[in-house]
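The lines below spell out each chain.
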Amino acid sequence: MPSIDLTGKVAVVTGSGRGLGLAYAHALGAHGASVVVNDVDEAVAEQAVKSIAKAGGKAVAEVVAVGTSEAADRLVGRAVEEFGRLDVLVTNAGILRDKVLWKMTDDDFDAVITTHLRGTFTCARAAAVRMREQGEGGTMILVGSPAGQRGNFGQTNYAAAKAGIAAMARTWSMELARAHITVNAIVPVAATAMTETIPAFAPYIEAMKNGEPLPEFLRKGEGFGTPEDCAALVPFLASEAARGVTGQAIGIGGDKVALWSHPQEITAAYTDGGWSPDTLADVWATSVGARPQTVGIPAPKFPEA
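Everything numeric in this text was worked out from a predicted model, so none of it was measured.

J.: How should the overall build of the protein be read in this particular structure?
T.: Secondary structure assignment for the protein yields 11 helices and 8 strands. Scaling as 2.2 N^0.38, a compact globule of 305 residues should have a C-alpha radius of gyration of about 19 Å, and the protein matches this with 21 Å. For the protein, buried positions account for 45% of its 305 residues. Counting contacts in the protein only where the partners sit at least 6 residues apart, residues at least 24 apart contribute 68% of the total. Taking the average location of the 26 positive side-chain charges in the protein and that of its 33 negative ones, the two points are 3 Å from each other.

Next comes the structure, spelled out in structure tokens:
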């Protein structure tokens, strides 16, 4: 297969000063794309630009908190002003305000929804307008999470936002198909500041920082690796090799890449004339309720000591 070449393409990557976002921006730059780096910290954003340039890529920084229409317009406008067009949008910006339901405040909820869900919406809308005006197609890569696919304890706001992002990817893939704009959600799993707070992963991440490789049972069994492992998916989806890939939720991490299923009915029961509470109670345990679905992100499986 030919190597992925994004020369001439222009990308905006939100929340790309550190972590996964920085890895996405580097990967795009390494394959020839010009990148608008975004972060709320000017020093962090400028350092990211310097690191991309040092690696041979082209990048500029736009310092703004995503969420508002004004911020989205600034990001798209910067891409056009600096590089003349916009071809790729990666919506990675995010924050956490983790609390259980009864302790979560309105501000905790709204802050996460604003950054993740509204930020994805406003940036995608601005990008769609520009890409449709250009008339040459485009790529949107929306960053999801296992929490949005399965739920996660203490993450009402984050899980809801990420589930919404996956739903928006499916919806926009239909709405933008005639404009030849692909839209996919990616579900990365990597050693980041967030996963470092999970006690089971913490010692392995610390060892990785000290130069030790992550063990195979993590890289393969758990699909858990570095941000750079996850970043490979982004230039692929932005390339001509992925022109037929749209409306999907794709997981990546470590040595693993996977396609997530879309929600669908898995079993059904019928009764003449419709259901009553009593008839539902009579058959639930032996029909549709016989194999209830699990919730939450499965606990990692570590080798026995």
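J.: I'm lost on the environment of Ile141 in this one. Help?
T.: Positionally, Ile141 belongs in strand β5 (residues 138-143). Setting aside anything within four residues of it in sequence, one finds Ile141 in contact with Leu89, Val90, Thr91, Asn184, Ile186, Val234, Leu237 and Ala238.

J.: In this structure, what is going on with the nonpolar core? I would like to understand it.
T.: The nonpolar side chains of soluble globular proteins are, as a tendency, buried together. By size, the foremost hydrophobic cluster in this structure holds 33 residues, and its most contacted members are Tyr24, Leu28, Val37, Val90 and Ile186. The biggest single contributor to this core is helix α1 (residues 19-30), with 6 residues. Not counting residues within four places of it along the chain, the set of residues in contact with Ile186 comprises Tyr24, Ile141, Leu142, Val143, Gly144, Ser145, Leu233, Val234, Leu237 and Ile250. With 31 residues, the next largest nonpolar core counts Leu86, Cys123, Ala126 and Ile181 among its residues.

J.: Would you explain α1 in this entry?
T.: Two residues of an α-helix separated by three or four positions point the same way, owing to the 3.6 residues in each turn. With 12 residues, α1 extends 17 Å between its outermost C-alpha atoms, agreeing within 8% with the 16 Å of an ideal straight helix rising 1.5 Å per residue. Following α1 by one or two positions, Gly32 has its phi on the positive side, about 105°.

J.: What is the right way to look at helix α4 (residues 106-134) in this model?
T.: An ideal rise of 1.5 Å per residue puts 42 Å on 29 residues; α4 measures up with 40 Å between its terminal C-alpha atoms. Of all the bends in α4, the greatest measures close to 40° and is centred on Thr114. A positive backbone phi angle near 70° is found at Gly135, which sits one or two residues after α4.

J.: Explanation requested: the sheet that holds strand β8 (residues 256-259) in the structure shown.
T.: The strands making up a sheet associate through hydrogen bonds between their backbones, and the pairing can be parallel or antiparallel. Here we have 8 strands laid out as an open sheet, ordered β3-β2-β1-β4-β5-β6-β7-β8, and mixed in their pairing. Pairing within the sheet leaves two strands with one partner each, and these edge strands are β3 (58-63) and β8. Across the sheet, the mean angle from the axis of one strand to that of its neighbour is 20°, orientation sign disregarded. Direction of pairing for strand β6 (residues 181-188) relative to strand β7 (residues 249-253): parallel, over a ladder of 4 bridges. Bridge pairing links Ala185 to Ala249 in β7. The strands that helix α2 (residues 42-54) touches are β2 (34-39) and β3; relative to β3, the one it contacts most, it runs at about 175°. Across the face of the sheet, helix α3 (residues 69-83) comes into contact with β1 (10-13), β2 and β3 while running at roughly 145° to β3.

J.: Can you help me understand the layout of surface pockets in this one?
T.: Empty pockets left among the atoms are what a rolling probe the size of a water molecule brings to light. Here the second largest pocket is characterised by a volume of approximately 410 Å³. Lining the second largest pocket are 16 residues, and of these Gln149, Ser261, His262, Pro263 and Gln293 sit closest to its centre. The set of elements that each furnish at least two residues to the lining of the second largest pocket consists of α5 (146-150) and α6 (156-175).

J.: Can you help me understand empty space enclosed by the protein in this one?
T.: On inspection of all chains with the given rule, the structure shows 1 cavity of 30 Å³ or more. There is about 50 Å³ of room inside the largest cavity. At the level of elements, α4 and α6 are the ones that each hand at least two residues to the lining of the largest cavity. Broken down by element, the residue count for the lining of the largest cavity peaks at 4 residues, all from α4. Its residues assigned to classes, the lining of the largest cavity shows 4 nonpolar, 7 polar and 1 charged.

J.: So what exactly am I meant to see when it comes to the pattern of salt bridges here?
T.: For side chains of opposite charge, pairing can occur when their charged atoms come near one another. Taken as a whole and judged by the stated rule, the model has 10 salt bridges. Across the pair Glu82 and Arg78 runs a salt bridge whose closest N-O atoms are separated by 3.2 Å. One end of the pair is Glu82 and the other is Arg78, both in helix α3 and 4 residues apart, which spans about a single turn. Judged by relative accessible area, Arg78 falls into the buried class, the value being 19%. The shortest N-O distance in the salt bridge between Arg219 and Asp255 comes to 2.8 Å.

J.: Mind showing me how you'd approach unusual backbone geometry here?
T.: What you tend to see is this: most non-glycine residues have negative phi, and most peptide bonds are trans. You will see that His180, though not glycine, has its phi angle at about 60°, which is positive. With respect to the element layout, His180 can be found in the loop between α6 and β6.

Cut-offs applied
- Residues numbered from 1 in each chain as written.
- Predicted model: local features only at pLDDT ≥ 70, side-chain atom pairs only at ≥ 80, totals over all residues.
- Heavy atoms only, no water.
- Helix = DSSP H or I, 4+ residues; strand = E, 2+ residues; numbered from the N terminus.
- Rg over C-alpha atoms; globule rule 2.2 N^0.38 Å.
- Buried < 20%, exposed > 50% of the residue type's maximum accessible area, 1.4 Å probe, protein only.
- Contact = heavy atoms within 4.5 Å.
- Lys, Arg positive; Asp, Glu negative; His and termini not counted.
- Charge placed at Lys NZ, Arg CZ, Asp CG, Glu CD.
- Core = buried A, V, L, I, M, F, W, Y, C linked by side-chain atoms within 4.5 Å.
- Expected span 1.5 Å × (residues − 1).
- Bend = angle between axes of the 7 residues up to and from the residue.
- Pairing = 2+ DSSP bridges.
- Axes fitted to C-alpha atoms, helices over the stretch in contact; angles between N-to-C directions.
- 1 Å grid on protein atoms, 1.4 Å probe; cavity = no way out; pocket = protein on both sides within 12 Å on 5 of 7 lines; lining within 4 Å.
- Points joined across faces, edges and corners; volume = space filled by probe spheres on them.
- Nonpolar A, V, L, I, M, F, W, Y, C, P; charged D, E, K, R; others polar.
- Salt bridge = Lys/Arg side-chain N within 4 Å of Asp/Glu carboxyl O.

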